[in-house]
2 protein chains.
Amino acid sequence: MRQSKLFSKTSKNVPRDIQLQSHKLLYQAGFIRESVAGRYYFLPLGMRVRDKIISIVKEEMDRAGAQELITPVLHPLELWKETNRTNTTGFELMQVKDRRGADFALGGTAEEMMVDLVRKFQLSYKDLPFNIYQFGQKFRDEIRARGGLLRMREFIMKDAYSFHADAEDFKKEYENMRKTYKNIYKRLGLDTVIVEADNGYIGGDYCHEFVVESEAGESRFLKTSDNKYAAHEDVANFTHQDINQDEEIKEFQIIDQPEWVQNMKQLMEHYNEPKWRFLKNVVYKNRVSEEIIIATIRGDLEVNKVKLERALGMNELLEDASKEDLAKLGTKSGYVHSWGHKNCRYVGDESLRTVRNFIGGQKEETTDSINVNYGRDFEHEITADIAMAQDGFVSKDGQKLIESRGIEVGNIFQLGLHYSEKMNAKFIDQNGKEQYYYMGCYGFGIERTLTTILEKYHDEHGMMWPKAVAPFQVHLISLKENEKCDKIYQSLIDANIEVLYDDRDLRPGEKFGDSDLIGCPVRIVVSAKTLEQGMVEVKKRDSEKLEMVKLDELISFLKKL
Amino acid sequence: MRQSKLFSKTSKNVPRDIQLQSHKLLYQAGFIRESVAGRYYFLPLGMRVRDKIISIVKEEMDRAGAQELITPVLHPLELWKETNRTNTTGFELMQVKDRRGADFALGGTAEEMMVDLVRKFQLSYKDLPFNIYQFGQKFRDEIRARGGLLRMREFIMKDAYSFHADAEDFKKEYENMRKTYKNIYKRLGLDTVIVEADNGYIGGDYCHEFVVESEAGESRFLKTSDNKYAAHEDVANFTHQDINQDEEIKEFQIIDQPEWVQNMKQLMEHYNEPKWRFLKNVVYKNRVSEEIIIATIRGDLEVNKVKLERALGMNELLEDASKEDLAKLGTKSGYVHSWGHKNCRYVGDESLRTVRNFIGGQKEETTDSINVNYGRDFEHEITADIAMAQDGFVSKDGQKLIESRGIEVGNIFQLGLHYSEKMNAKFIDQNGKEQYYYMGCYGFGIERTLTTILEKYHDEHGMMWPKAVAPFQVHLISLKENEKCDKIYQSLIDANIEVLYDDRDLRPGEKFGDSDLIGCPVRIVVSAKTLEQGMVEVKKRDSEKLEMVKLDELISFLKKL
């Protein structure tokens with residue numbers, strides 16, 4: 001490709017709202033442009049990288065025995081009603097009506113479409129298992145798009161769905177996909193941590209995110225240093241170690257407390273006790289039923305809302321309670337009781353069992369309760385692990401948990417019978433009986449992976465693409481030697497080397513700057529000075545070393561790189 | 001691919017609403033399934049064909065110097081408002097609102113998106129010309145979807161847009177694209193007729209459809225037998241030959257006419273004159289302004305509404321007038337005058353100048369006018385060619401026009417300054433002045449081309465895919481010899497031959513039937529009988545000849561086919 005003909009330009013300036021480093025580089029190097037927030041054009045250079053990622057994913061999925069197909073982008077809304085997902089999905093579903101009044105969802109994921117397709121066929125156990133996937137356009141009506149390609153409103157997801165006779169068979173495919181994903185990320189130059197995750201409304205034990213550790217990421221997780229355990233904060237287990245179990249259990253008392261003692265800091269000051277000594281109540285509201293939930297937890301811990309929802313058997317329904325909600329309970333912030341409120345439900349964290357003689361639980365303006373013991377003075381109907389795991393906590397097998405953060409670039413999970421039951425999708429088993437399909441599902445974000453690669457592969461001068469996904473392998477730069485360079489360009493093309501040829505009439509500094517910015521793995525500079533000696537200068541993007549290579553050895557030199 | 005693992009099954013039955021032969025085959029062979037009318041799943045076999053077509057189009061577009069990119073699927077509706085296309089496009093635009101209230105169009109074509117992208121850059125004449133294209137998901141809210149993949153509501157269009165400094169430069173790219181399209185269709189096994197067409201609201205001289213002649217097609221066009229002229233019925237020119245110019249011009253008269261004479265048939269019977277002797281009036285209404293248009297034409301001709309609209313400088317605005325519309329004019333069907341009605345506009349066809357002494361024009365219950373001469377007795381403000389060309393008419397260069405019909409598989413056309421002016425998209429010319437981009441646009445329907453190939457390449461037993469787009473090159477069929485066949489299968493894979501391997505436990509007849517249905521170019525049958533002699537049976541799908549090939553010569557034999 002001649003750069004003089006390339007559509008898009010490099011740019012020194014970056015719009016001020018662009019924060020993420022990879023986003024800046026994609027803008028500056030002319031790989032993408034925003035249409036409106038969360039929706040992007042991929043320009044020719046960006047397209048090449050995107051397509052290479054897609055090709056690698058396709059190769060590995062095919063090798064793993066999965067089969068590519070494609071569903072329509074508009075999903076009949078009735079299908080989403082069959083599974084009751086029109087309201088309960090985490091992302092808001094975009095909907096559209098056609099001129100005849102038919103309702104459609106703009107696909108967010110394609111479980112319903114795939115199950116609808118499969119139930120159009122009469123299949124038997126002989127046809128199982130199979131894994132079908134697509135590179136499907138996905139829409140998520142995010143309230144806030146962020147970080148360029150990290151959280152888009154419109155993107156390509158490789159979404160795969162496997163169909164099985166039973167859970168045993170599913171587990172094999174789950175393992176197959178786990179390995180396949182590892183291979184894909186390896187080829188893309190990414191180290192991933194496989195993190196246990198929550199699969200919300202589905203439940204089930206098999207749900208993992210593939211996370212690339214990065215400060216830019218939204219996924220917070222806890223891991224052990226031996227890498228044997230890694231879990232998203234929403235599912236991370238830890239040992240609730242006893243704090244003061246040697247302390248003698250004292251008698252429950254209501255005591256006076258100065259009116260100025262209102263918050264945790266003041267409590268700690270007044271009683272000269274650490275945070276864990278105090279009871280803490282956090283109040284939520286079910287946004288559909290409006291039921292109030294009070295979570296009681298040890299004062300040094302935070303509530304994890306997803307864990308709390310799981311304890312209550314719900315998914316993405318809780319929101320923080322408002323002043324008005326507290327008023328309905330007959331209380332206000334800071335004065336919520338750990339027992340006794342009417343018209344609400346209480347959940348206790350397991351940490352309540354690790355402390356003897358809590359302070360708090362029945363705080364009024366000038367009194368509070370002390371020597372409160374869970375199980376003796378109060379006990380909630382539900383006691384569960386609803387606490388946020390923190391760096392330094394102890395894992396279930398006694399190791400220190402390390403907090404980390406990263407970008408979720410893929411996920412694999414068990415769907416079980418969830419969709420096939422709701423959509424009545426069955427196969428015929430060996431005994432001629434109808435059975436529901438047992439399903440798994442495997443997602444992979446293309447654009448997000450692209451930007452993650454760039455988060456890892458860049459320096460202060462620009463992009464540094466790994467060979468497997470570089471837009472071009474070679475950046476050929478002519479320093480006012482286009483005539484001779486044209487021939488070198490052609491010889492590279494003839495040798496099947498992907499080459500971007502900077503044939504523009506610009507100063508060397510600008511050309512070198514653009515070359516570093518675009519980040520092809522190898523740069524070749526053609527100047528009069530070296531040509532005199534029958535040589536060109538070759539430099540790898542990730543090295544400072546300049547090598548002089550004879551023209552007639554250039555191709556073989558490049559092939560060896 | 002092992003057929004035992006292939007997702008999708010062949011089917012003997014076809015839903016009754018499937019009419020088109022290619023649609024039947026795509027259903028039966030398990031290449032596609034309908035989601036809802038006009039929206040299809042492409043199953044693994046169909047995907048392979050679709051992707052091969054896309055690859056060929058991409059290769060040829062890239063070779064022609066065009067550059068692939070991609071736009072978001074959702075277009076900000078403001079862009080469509082800038083060009084006033086929210087109401088005036090021929091297809092109804094689907095629209096959707098996001099949760100923050102922003103309006104989007106589901107892309108029907110992408111002129112606005114591409115122009116919006118280009119104007120984000122400050123480009124100069126040095127950056128021109130360029131041609132940018134995408135394989136974009138397109139949505140058309142058709143009232144009626146028909147013929148499977150012929151008229152879909154959701155499909156992939158390769159849409160390309162070229163940007164130029166001026167019309168001269170555009171013409172070069174137009175020719176470049178014309179050749180590129182010809183190459184693409186040739187590689188796909190399709191003979192196309194390049195048909196002059198109407199480009200509606202744009203106007204301009206350069207607009208051609210690529211049409212594959214077929215009874216299944218919706219495009220009616222006229223051509224000469226030397227293939228030098230081919231034009232869509234909406235733009236087809238013909239010679240308006242004089243009919244009776246040797247006749248003496250007679251005096252205009254109002255005469256009595258029996259009341260039973262009401263329609264053309266009765267007029268011909270009463271006067272014993274041919275159709276051309278009579279004046280005919282056809283009434284339309286502008287569906288936006290409600291203005292009434294009366295088209296006057298020679299009795300043996302029909303009005304072409306698109307030609308009429310062009311004569312009036314409008315696009316897709318006319319509809320047939322209703323009884324009520326005629327009543328407002330103070331008349332009724334059969335009694336419309338060729339002159340004199342108020343609150344309406346008249347357009348005359350050029351054929352009015354080819355006849356002396358028309359009958360008609362002022363018909364009342366018991367009278368009519370005779371010896372009516374255009375130019376003497378009445379003449380409309382606009383006289384233009386608004387007549388439908390018919391088989392046997394004479395072309396402008398004196399040849400006979402032949403009526404034909406076909407499937408429009410692509411089109412190329414001049415956009416001129418239409419979009420760049422409306423969207424204020426400019427480049428800097430040599431003199432440092434801002435100029436509007438001069439544009440062209442080039443469409444190619446992927447699924448429609450696929451089904452057209454199949455319309456051409458099938459027989460009563462099934463599909464007969466050309467090599468370039470066949471889902472697999474070879475269909476390897478094991479007749480209870482899977483163990484040995486597994487080895488042959490592996491040897492074909494190792495030789496990079498795409499092979500579908502029927503390893504299923506079925507009767508030979510079913511396997512042969514499926515093989516003919518799926519239509520891979522070459523079938524190999526492996527049976528005990530031939531294996532004894534170290535041979536397999538090879539048959540091309542488009543031939544009856546069976547060839548016995550030695551196993552150790554199989555690969556080289558196949559490579560030569």
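Quantities reported herein were computed from a predicted structural model and do not represent experimental measurements. Per chain, the residues get numbers from 1 upward, laid out in the order the sequence is written. Chains and ligands are labelled by the order in which they are written, letters from A for the one and numbers from 1 for the other. This being a predicted model, a pLDDT of at least 70 is required before a residue's local features are given, and a value of 80 or more before pairs of side-chain atoms are given or counted; all residues contribute to the totals for chains, interfaces and linings.

The numbering of helices and of strands both runs from the N terminus, where a helix is a DSSP run of H or I of at least 4 residues and a strand a run of E of at least 2. Of regular secondary structure, chain A possesses 14 helices and 30 strands. Dimensions of chain A, computed from C-alpha atoms along their principal axes, come out at roughly 95 × 65 × 50 Å. Burial is judged by counting the other C-beta atoms within 10 Å of a residue's own C-beta: 20 or more makes it buried, 12 or fewer makes it exposed, and any count in between marks it as partly exposed, with every C-beta position built from the backbone. Across the 561 residues of chain A, 45% fall into the buried class. The contact criterion used is a C-beta to C-beta distance within 7 Å, with each C-beta placed from the backbone. Across chain A, the fraction of contacts at a sequence separation of at least 24, relative to all contacts at a separation of at least 6, is 70%.

Residue and element names in this part refer to chain B. Sheet architecture is open: three strands sit in the order β4-β6-β5, paired in antiparallel fashion. The sheet is open, and its two borders are formed by β4 (74-76) and β5 (94-97), each paired with just one other strand. On average, adjacent strands in this sheet sit at an angle of 40 degrees to one another, irrespective of strand direction. Two strands qualify as a pair provided DSSP detects at least 2 bridges between them. Bridge count for β5 against strand β6 (residues 103-106) is four bridges, and the pairing is antiparallel. When the sheet's bridge partners are listed, K97 is paired in β6 with D103. Where helices are involved, their axes are fitted lines through C-alpha atoms of the stretch in contact, as for all axes, and angles between N-to-C directions lie from 0 to 180°.

Residues and elements named next belong to chain B. Bridge count for strand β11 (residues 219-224) against strand β20 (residues 401-416) is six bridges, and the pairing is antiparallel. Pairing of S219 across the sheet is with G406, part of β20. Two strands pair when backbone bridges link them, and β11 and strand β12 (residues 230-232) are joined in this way by three bridges, in the antiparallel orientation. Residue L222 lies in a different strand from β12, and its bridge partner there is A231. Counted along the chain from β11 to the antiparallel partner β12, the turn is five residues long, and its residue N227 has a positive phi close to 65 degrees.

Where each domain begins and ends follows an automated or database-derived domain assignment. In terms of domain boundaries, chain A breaks down into domain 1 (21-71 + 107-237 + 403-454), domain 2 (253-384) and domain 3 (472-560). Measuring from the centre of the C-alpha atoms in domain 1 of chain A to the corresponding centre in domain 3 of chain A gives 39 Å.

Our focus in this paragraph is the sheet that holds strand β17 (residues 344-349) of chain B. Strands pair in a sheet through their backbones, by hydrogen bonds, and they do so in one of two ways: parallel or antiparallel. Residues and elements named next belong to chain B. Within the open sheet, the five strands sit side by side as β16-β14-β15-β17-β19. Their pairing is mixed. The open sheet is flanked by β16 (318-320) and β19 (382-384), the only strands paired with a single partner. The average undirected angle you get between the axes of adjacent strands in this sheet is 35 degrees. Where strand β14 (residues 279-286) lies against strand β15 (residues 292-298), seven bridges are found, and the strand directions are antiparallel.

Turning next to the environment of R2 of chain A. With respect to the helices and strands, R2 of chain A occurs in the segment before α1 (21-28). Along the chain, R2 of chain A and Y489 of chain A lie 487 residues apart, while their C-alpha atoms are 9.1 Å from each other.

Let us look at helix α13 (residues 508-518) of chain B. Residues and elements named next belong to chain B. The set of residues buried in α13 consists of D514, S515, D516 and I518. On its buried face, α13 sits against α2 (44-63), β25 (462-463), β26 (474-478), β27 (499-502) and β28 (522-526). G519 sits one or two residues past α13 and shows a positive phi near 70 degrees.

Bringing the relation of the copies chain B and chain A into the picture now. Least-squares fitting of one copy onto the other uses the C-alpha atoms of those residues that reach a pLDDT of at least 70 in both copies. Taken as rigid bodies, chain B and chain A are interconverted by a rotation of 180 degrees and an axial shift of 0.1 Å, the fit giving an RMSD of 0.2 Å. Such values leave the two copies arranged in the relation of a two-fold axis. Residues of chain B ranked by C-alpha distance from the rotation axis are headed by V96 of chain B, positioned 2.8 Å from it. When the interface residues of chain B are mapped onto chain A, 100% of them again fall at the interface, so both copies present the same face.

The interface of chain B with chain A comprises 39 residues on the first partner and 39 residues on the second. Going through the elements one at a time, β1 (32-36), β2 (39-42), α2, β3 (67-68), β4, β5 and β7 (130-139) of chain B are the ones with two or more residues in the side of chain B that touches chain A. The leading source of residues in the side of chain B that touches chain A is β2 of chain B, at four residues. Within the side of chain B that touches chain A, the residues separate by chemical class into 23 nonpolar, five polar and 11 charged. In the scheme used here, Gly and all other residues not listed as nonpolar or charged are polar, with Ala, Val, Leu, Ile, Met, Phe, Trp, Tyr, Cys and Pro taken as nonpolar and Asp, Glu, Lys and Arg as charged.

Attention now goes to unusual backbone geometry. All names here are of chain A. Geometrically, the link from L128 to P129 is a cis peptide bond, its omega value of -5 degrees lying close to zero. Here P129 is to be found in the loop between α4 (111-118) and β7 (130-139). Not every positive phi belongs to a glycine, and S8 is a case in point at roughly 110 degrees. Relative to the helices and strands, S8 resides in the segment before α1. In the Ramachandran plot, N343 falls in the positive-phi region, its phi being about 55 degrees despite a non-glycine side chain. Structurally, the position occupied by N343 is in the loop between α8 (323-329) and β17 (344-349).

Bringing the nonpolar core into the picture now. I132, L476 and V526 of chain A together with I132, L476 and V526 of chain B are the most contacted members of the largest nonpolar core, which has 233 residues in total. Aside from chain neighbours lying at most four places away, what touches L476 of chain A is C485, I488, Y489, L492, V499, Y501, D502, I524 and V526 of chain A. The term nonpolar core refers to a group of buried residues, namely Ala, Val, Leu, Ile, Met, Phe, Trp, Tyr and Cys, whose C-beta atoms join them within 7 Å. In this structure, Y284, I292, I294 and V303 of chain B belong to the second largest nonpolar core, which totals 18 residues.

This next bit is on the packing of α2 of chain B against helix α11 (residues 446-456) of chain B. Residues and elements named next belong to chain B. Between α2 and α11, the least distance of the axes is 10 Å, while the angle of their chain directions is 110 degrees. Relative to α11, the element α2 lies roughly perpendicular. Here α2 and α11 pass one another in a crossing that is right-handed. Along its contact with α2, which presents V49, R50, I53 and I54, the element α11 presents I446, T449 and L450. When the residues that make up the contact of α2 with α11 are grouped by side-chain class, the tally is five nonpolar, one polar and one charged. Roughly parallel here means an angle under 35 degrees, roughly antiparallel means over 145, roughly perpendicular means 65 to 115, and every remaining angle is called oblique. Each helix crossing is assigned a hand: it is left-handed if the near helix lies turned anticlockwise from the far helix by less than a right angle, otherwise right-handed if that turn is clockwise.

Residues and elements named next belong to chain B. Contact geometry of α2 with helix α6 (residues 167-187) gives a least axis separation of 10 Å together with a crossing angle of 150 degrees. Our classification of the angle between α2 and α6 gives roughly antiparallel. Of the two possible hands of crossing, α2 and α6 adopt the one that is right-handed. Contact residues: α2 offers I56, V57, E60 and M61, while α6 offers T180, N183, I184 and R187.

This next bit is on the pairing of β17 of chain A. Residues and elements named next belong to chain A. Pairing geometry for strand β15 (residues 292-298) and β17, over five bridges, is parallel. Directly across from I294, in β17, lies its bridge partner Y346. Pairing between β17 and strand β19 (residues 382-384): three bridges, direction parallel. Across the sheet, the residue bridging to G348 is T383, located in β19.

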